[in-house]
Amino acid sequence: MVNKQTAEAFVLIREEPSPLRYRPLRGQALDLRSHSDPSHPDNARYEEGKDYVVDYDEGWIRRERGSRIPDGSHHPIYGMRPFDQATYPDYSNRAYTVYADYAIEAGQVEAAVTAADVERSGLLERTIRKLANGEEATYVVYGDSISAGGEASEPRLAYYNRFADQLGRLFPRGRLSVVNKSIGGEASVGGAKRVDADVVPLRPDLVSIGYGMNDQYKLDDGNSVSLEDFEKNLRHMIDTIREACDSDIVLVTPCEPNPNWLYASGDIPHYADTVRRLGRAYGIGVADAHALWREELAAGKTPESLLLNNINHPNDYGHWIYSRAFSIMLNTASGFPREPVECPPIVADN
């Protein structure tokens, strides 16, 4: 049986091999292009053997000399460690990111989530009951710029809309209304302060809460928000929503920022652990994007290939990783969720 890896992102450097996330099937064409959406009118499509080479046995891709594929080593920040984005007019990876579709064996990825899996998980009981009965349910997305959809090329490709679309396909009789109340640049302090005003009045059936990236922001005297205060803020949000609305709640762990970013503290794993622990304590779902992000890095993906702004915002493939975390959370029938992958510590490349 054959599956397909879709819109996997790469920033290719010179003619250096870059690992593919999964082993590609020989004899099946690999499609490499400039936009994640294959129907995008401005897509530049690249030619295998001329612009790039694929090793189907070893599982890597590289640019050819003279390729039309942008060379990531020409990025103004390439090789700068650490870097402060404020000193560069353009620090995005947008111009250097390419996307690939390729065939893989089915056993390399977990099984698709079914409606029965979601119901069996018991994590979205109120939401699924409404959707299964043909009613409208409200999903409030709450968090920072990542939850606001930061760097997704289209709203439909942001992780929360991918998740909402998945629920819509599984429960087509109902309607899931998505309301995004996330604010770019906000840490958990802001989320705790405004939850009564911005979430409670909506009486949501489902709320996802995604903080941690701005909390870990490295300052001269520590992080922007301490781990202790981060936990207090999340507990306040959870308690307030539960008591006022009895909503289904999903906590979202943050991805890893670029370790060479000046303001990356290296403490994101601790913030993610706090989120996981609170999920267990409250008996609510955790979409563990951080664990999957670590899997990608351990498999050879570079931070640049996952972060479109080169700092802390996922590209379209990164948003897919987030949405996959929601699927794994619900796929209890297949043995998920699972323990985070073991991989080397993520440190700046000095």
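About the criteria used
- Residues numbered from 1 in each chain as written.
- Predicted model: local features only at pLDDT ≥ 70, side-chain atom pairs only at ≥ 80, totals over all residues.
- Heavy atoms only, no water.
- Pairing = 2+ DSSP bridges.
- Helix = DSSP H or I, 4+ residues; strand = E, 2+ residues; numbered from the N terminus.
- Axes fitted to C-alpha atoms, helices over the stretch in contact; angles between N-to-C directions.
- Parallel < 35°, antiparallel > 145°, perpendicular 65-115°, else oblique.
- Left-handed = near helix turned anticlockwise from the far one by under 90°.
- Contact = heavy atoms within 4.5 Å.
- Salt bridge = Lys/Arg side-chain N within 4 Å of Asp/Glu carboxyl O.
- Buried < 20%, exposed > 50% of the residue type's maximum accessible area, 1.4 Å probe, protein only.

J.: Lay out the sheet that holds strand 8 (residues 136-143) with the relevant residues and their values.
T.: Paired through their backbone hydrogen bonds, the strands of a sheet run either parallel or antiparallel. One open sheet accounts for five strands, arranged 9-8-10-13-14; its pairing is parallel. Strands with a single pairing partner mark the edges of an open sheet, and in this sheet they are strand 9 (175-180) and strand 14 (285-287). Taking each pair of neighbouring strands and ignoring which way they run, the sheet shows an average axis angle of 25°. As paired elements, strand 8 and strand 9 share six bridges and run parallel to each other. Directly across from Val141, in strand 9, lies its bridge partner Asn180.

J.: Lay out the packing of helix 3 (residues 159-170) against helix 9 (residues 316-330) in plain terms, naming residues and giving numbers.
T.: Running from amino to carboxyl end, helix 3 crosses helix 9 at an angle of 45°, the nearest separation of the two axes being 8 Å. When the axes of helix 3 and helix 9 are compared, the pair comes out oblique. Regarding helix 3 and helix 9, the two cross each other, and that crossing is right-handed. Judged by residue contacts, Tyr159, Arg162, Phe163 and Gln166 of helix 3 engage Asp316, His319, Trp320, Tyr322, Ser323, Phe326, Ser327 and Leu330 from helix 9.

J.: Give a description of the pattern of salt bridges that names residues and reports values.
T.: Under the counting rule described, the total for this entry stands at 28 salt bridges. Glu256 serves as the salt-bridge partner of Arg294, at 3.8 Å between the closest nitrogen and oxygen. One end of the pair, Arg294, is in helix 7 (residues 289-298); the other, Glu256, is in the loop between strand 13 (248-252) and helix 6 (268-282), with 38 residues separating them in the sequence. Taking relative accessible area as the criterion, Arg294 reaches 12% and is therefore assigned buried. Beyond isolated ion pairs, a larger network of salt bridges with shared partners links Asp31, Arg33, Arg45 and Asp101.

J.: How would you summarise the sheet that holds strand 2 (residues 18-19) if you had to cite specific residues and measurements?
T.: One open sheet holds the three strands; their spatial order is 2-6-5, and the pairing between them is antiparallel. The open sheet has two free edges, formed respectively by strand 2 and strand 5 (52-55), since each of these has just one partner strand.

J.: Account for the side chain of Arg21, with residues named and values stated.
T.: The topology assignment puts Arg21 in the loop between strand 2 and strand 3 (31-33). Among residues more than four places away in sequence, those in contact with Arg21 are Gln5, Glu8, Tyr102, Glu295, Glu296, Ala299, Lys301 and Tyr317.

J.: Tell me about unusual backbone geometry, and please be specific about residues and values.
T.: Of note, the amide linkage connecting Arg81 to Pro82 takes the cis form, showing an omega dihedral of -10°. With respect to the helices and strands, the residue Pro82 is situated in the loop between strand 6 (60-63) and strand 7 (97-105). Phi at Ala7 takes a positive value of approximately 55°, unusual for a residue other than glycine. Among the structural elements, Ala7 can be located in strand 1 (residues 2-11). Positive phi is not limited to glycine here, since Asn310 has a value of about 70°. One can find Asn310 in the loop between helix 8 (303-306) and helix 9. The exposure class assigned to Asn310 is buried, which follows from its relative accessible area of 4%.

Read these as layout, nothing more, since geometry by itself doesn't imply function.
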